[in-house]
Amino acid sequence: MGLTRFSGQQVVAAIIFFLLLASPPFLSSFLLTLLTQALIYGILAMSLDIILGYTGLASLGHAAYFGIGAYSVGILATRYGAAFGITLPAGVLLAVLVAAIFGTVALRATGVYFLMITLALGMIVWGLAHRWVTMTQGDNGISAIPRPDLGLPWSLSLSIPFYYFALAGFLIAFWILRVIVRSPFGQTLVGIRESESRMRTLGYHVWLHKYIGFVIAGGFGGFAGVLWAYYNGFVSPVDLQLATSVEVLLMVALGGRGSLIGPALGAGIIVLLKNLVSVYTHRWLLILGAVYILTIVYAPEGILGAIKRRTKEVKPRAVGVHGLTEGEIEGG
Amino acid sequence: MEFWVTQAFNGISYGALLFLLAGGLSLIFGMMRIVNMTHGSYYLLGGYVGLTVIRQTGYFPLAILAGALAIAIIGVFEWNAFLKRLSGQELGQVLTTMGFALIFQDLALIIWGGDPYTIPAPAMLSGAHRIGDLYFPIYRIFIIVVAAVVALILWLVLEKTRVGAMMRATVDDPEMARGVGINVHLISMVVFALGAFLAAVAGVVAGGFVGVYPGADFEILPYAFVVVIVGGMGSLKGALIGSLMVGLLDNFGKALFPELSYFTLFAPMAAILAVRPTGLYGRA
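Residue positions are counted from 1 within each chain, in the order its sequence is given. To read the labels, note that chains go from A and ligands from 1, taken in the order they are written. This being a predicted model, a pLDDT of at least 70 is required before a residue's local features are given, and a value of 80 or more before pairs of side-chain atoms are given or counted; all residues contribute to the totals for chains, interfaces and linings.

Moving on, we get to the overall build of chain B. Secondary structure elements follow DSSP: runs of H or I no shorter than four residues count as helices, runs of E no shorter than two count as strands, and numbering proceeds from the N terminus. Across its full length, chain B holds 11 helices and 2 strands. In chain B, the order of α-helices and β-strands from amino to carboxyl end is α-α-α-α-β-β-α-α-α-α-α-α-α. Only C-alpha atoms enter the radius of gyration, while the globule expectation follows 2.2 Å times N to the 0.38, with N the number of residues. In terms of overall dimensions, chain B is globule-like: its C-alpha atoms have a radius of gyration of 19 Å, near the 19 Å expected for 284 residues. On the principal axes, the C-alpha backbone points of chain B span a range of 60 × 45 × 35 Å.

Helix and strand counts for chain A stand at 15 helices and 0 strands. Expected size for 332 residues packed as a compact globule is a radius of gyration near 20 Å; at 20 Å, chain A falls within 12% of this value. Taken along its principal axes, the extent of the C-alpha atoms in chain A is 65 × 50 × 40 Å. As a rule, residues whose C-beta atom has 12 or fewer other C-beta atoms within 10 Å are exposed, those with 20 or more are buried, and those in between are partly exposed; C-beta atoms are placed from the backbone. Residues classed as buried in chain A amount to 47% of the 332 residues present.

Residues and elements named next belong to chain B. For helix H1 (residues 2-32), with 31 residues, the first-to-last C-alpha span of 44 Å sits near the 45 Å given by 1.5 Å per residue. Throughout, bend refers to the angle between the axes fitted to the seven residues that end at a position and the seven residues that start at it. For H1, the principal kink sits at Ala22 and spans about 35°. Of all 31 residues in H1, 22 are buried; the element is thus mostly enclosed. Two residues or fewer after H1 comes Arg33, characterised by a positive phi angle close to 55°. The length a helix should cover is 1.5 Å for every residue beyond the first.

Attention shifts here to the packing of H1 of chain B against helix H8 (residues 184-207) of chain B. Residues and elements named next belong to chain B. Axis lines are fitted to C-alpha atoms, over the contacting stretch for helices. Their N-to-C directions set the angle, which ranges from 0 to 180 degrees. Two numbers describe how H1 lies on H8: the axes approach to 8 Å, and their chain directions differ by 165°. By the criterion of interaxial angle, the relationship of H1 to H8 is roughly antiparallel. Of the two possible hands of crossing, H1 and H8 adopt the one that is left-handed. Residues Leu17, Leu20, Leu21, Gly23, Gly24, Leu25, Leu27, Ile28, Met31 and Met32 of H1 touch H8, and the partners they reach there are Ser188, Val191, Phe192, Leu194, Gly195, Leu198, Ala199, Val201, Ala202, Val205 and Ala206. Polar here means any residue other than Ala, Val, Leu, Ile, Met, Phe, Trp, Tyr, Cys and Pro, which are nonpolar, and Asp, Glu, Lys and Arg, which are charged; Gly is therefore polar. Here the contact of H1 with H8 is built from residues that sort into 17 nonpolar, 4 polar and no charged. Here roughly perpendicular refers to angles of 65 to 115 degrees, roughly parallel to angles under 35, roughly antiparallel to angles over 145, and oblique to all remaining angles. Note on convention: the crossing is left-handed when the near helix lies turned anticlockwise from the far helix by less than a right angle, right-handed when the turn is clockwise. Once C-beta atoms are placed from the backbone, any two residues with those atoms within 7 Å are in contact.

Confidence per residue, as judged by the predictor, is encoded in pLDDT with a range of 0 to 100. Per-residue confidence for chain B averages 89 on the pLDDT scale, and 99% of its residues sit at or above 70. Of all helices and strands in chain B, the one with the weakest mean pLDDT is strand E1 (residues 128-131) of chain B (81), whereas helix H2 (residues 39-57) of chain B scores best (94).

Residues and elements named next belong to chain A. Between its first and last C-alpha, helix H2 (residues 29-54) extends 36 Å over 26 residues, near the 38 Å set by a 1.5 Å rise per residue. For H2, the principal kink sits at Leu48 and spans about 40°. Of all 26 residues in H2, 20 are buried; the element is thus mostly enclosed. In the stretch just after H2, Gly56 is the one whose phi turns positive, near 80°.

This part covers the nonpolar core. One finds Ala120 and Leu249 of chain A together with Leu21, Ile71, Val94, Ala200 and Ala224 of chain B to be the most contacted residues of the largest nonpolar core, which totals 201 residues. Here Ala120 of chain A is in contact with Val226, Ile229, Phe266, Met269, Ala270 and Leu273 of chain B, once residues within four sequence places are set aside. Residues of type Ala, Val, Leu, Ile, Met, Phe, Trp, Tyr and Cys that are buried and joined through C-beta atoms within 7 Å form what is called a nonpolar core.

Below, the discussion takes up the pairing of strand E2 (residues 134-137) of chain B. Residue and element names in this part refer to chain B. Taken together, the 4 bridges between E1 and E2 define a ladder with antiparallel strand orientation. Each bridged residue has a counterpart across the sheet, and for Ala128 the counterpart in E2 is Pro137. When DSSP finds two or more bridges between a pair of strands, those strands are recorded as paired. Taking the residues between adjacent antiparallel strands as the criterion, E1 and E2 are bridged by 2 residues, where Gly132 takes a positive phi near 60°.

Position of Ala8 of chain B relative to the elements: it lies in helix H1. Between the C-alpha atom of Ala8 of chain B and that of Ala193 of chain B, which follows or precedes it by 185 residues, the distance is 32 Å.

Quick look at the interface of chain A and chain B now. Each side of the interface is counted separately: chain A has 41 residues, and chain B has 34 residues. With 16 residues, helix H5 (residues 111-131) of chain A is the largest single contributor of residues to the side of chain A that touches chain B. Counted by class, the side of chain A that touches chain B contains 32 nonpolar, 6 polar and 3 charged residues.

Another aspect to go through is the environment of Ala229 of chain A. All names here are of chain A. Summarising the element assignment, Ala229 is placed in helix H10 (residues 206-232). Sequence separation of Ala229 and Ser143 is 86 residues, and the distance between their C-alpha atoms is 9.4 Å. Filtering out sequence-adjacent residues up to four positions away, Ala229 remains in contact with Ala70, Val73, Gly74, Ile145 and Val235.

All names here are of chain A. Where H2 meets H10, the axes come as close as 9 Å, and the angle between the chain directions of the two elements is 170°. Comparing their axes, H10 and H2 come out roughly antiparallel. Along the contact surface, H2 presents Thr36, Gln37, Ile40, Ile43, Leu44, Met46, Ser47, Leu48, Ile50, Ile51 and Tyr54, while H10 presents Gly213, Phe214, Ile216, Ala217, Phe220, Gly221, Phe223, Ala224, Leu227, Trp228 and Tyr231. Across the contact of H2 with H10, the residue classes break down as 17 nonpolar, 5 polar and no charged.

Turning next to unusual backbone geometry. If you check the backbone angles, Leu260 of chain A has positive phi at about 60° while not being a glycine. Summarising the element assignment, Leu260 of chain A is placed in the loop between helix H11 (242-255) and helix H12 (261-280). By the C-beta count within 10 Å, which is 27 here, Leu260 of chain A ends up buried. One non-glycine residue, Arg33 of chain B, lies in the positive phi region at around 55°. For Arg33 of chain B, the location among the structural elements is in the loop between H1 and H2. In this structure Arg33 of chain B comes out as partly exposed when scored by C-beta crowding, with 17 C-beta atoms within 10 Å.

This brings us to the environment of Ile296 of chain A. Relative to the helices and strands, Ile296 of chain A resides in helix H13 (residues 284-298). For Ile296 of chain A, a count of 25 C-beta atoms within 10 Å corresponds to the buried category. When the C-alpha positions of Ile296 of chain A and Leu254 of chain A are compared, they lie 8.3 Å apart, and in sequence the two are 42 residues distant. Leave out the neighbours within four places in its chain, and Ile296 of chain A touches Gly92, Leu95 and Thr96 of chain B.

Laid out in structure tokens, this is it:
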């Protein structure tokens, strides 16, 4: 029973991977750019999942790291003509550095206080993007960011090669994050989410684990921002405003917290919904607002959470038939 | 000297506006621990309702009252239908109230359009009061007076009345409050309505001063949150001091370091929270 479920997951993963790999030639260029956008937001949502889903800390300032990555590219590439080999490490390291500083402040709090402190910290970065005009060009944003030249035979200014570039970034991020959450470190984060006091009693350094998780999340947020700047060719304070931070929270919650795949799925749904709905109506904010509320009312654990619960509901019968215990099925 | 006095006055009057917005929010936070992203929408919608009322009647006090009551009703509906079930679920609260904020934003755009408006203030509130070479706009003095009166009333109610004692008890320990027979549910609803009411008052008052325009909701929301966390959730005194600090820092920051103005506001706030995570007058 456990074995079939496991390979079932593998089959689904393989099908998704194959579809992502093979679909570009069959998609319109509009859909392809949306899919590219979904992959990049997917990285951002997965990075937030490390602290929100695995550690249980809801941040209202995660767009800050996305913005730092994006602005690093914008400033370095347009002012100094910096290549991808410079902008990528610069954007990610700067995001890591800022997360390392912010983490020391934010992690003194939990719950509502953590939300509010991360909001204030996020506003610092937003304020700089908004007002530090000589560096960031303020509300006009930085435009005409050239696509990176990796010395490949395919130009990344075309949508299909750039899609594969973003897909590679997504898969690398997914793989690294998956290794992290499956490691003893990642399992400790889950333990902290479930019971901080118990983990502390067991001798784990709770603060340090949270802190490292926070910094990792910031770094991958920055990575997503780097790709975003190249994808969009434009960065502006909108990329790191409060509403963007909340939107990433929605992506994670909608897909299903603590699963990596769920947040990526949530990101895809929100990106597609926003763009497709706005083609047909100007009233997409009403629809997006309804999605926020309906998610919490009908799928508080997200789409993956709802699926998991349904499979669990079937389980008692399976236990009866095969005489397996809950633990054996879970361990699969 | 003139610069400092003028900027300090502007900062204090903006702080007074922030107190109207954040005083009720702080009580809501303290009592229910609800993160309400709709609070900025109450401010915006209050301003718009006030605008419509003043266009129909030309009567400013009625505009304030009508705007505040209408928004208090919306707030009570939102709390009763959705938020009270989400106690302890911060993520659920953030997302639900964000959904409402987006819906209200779009509805306001449908009803009132995208143009900025100013609410015409009555003649007695226009003009400026002159002391030496300095001019103090009467309208800004009016805002300071309104905030002071509201602060005084809130303080008297909280400290000197039976209802106030119930509210304080609920902030301190909701479970014990329920245990000694306080109707925590009713008290919470009243406080939520009060917060929405005051936010809308702030919105109408601000309409005669910074105007009513799309986007004002999300522009002011972070300020309200920062006032509440720096002052300490549930503390009226904290909200008052927090409002003045934010108002002054914001004004002097924008005047002295225009390029770093938000940094000079939010960075000191973060520094205070680094030292006192529960704010100046908050309890964990």
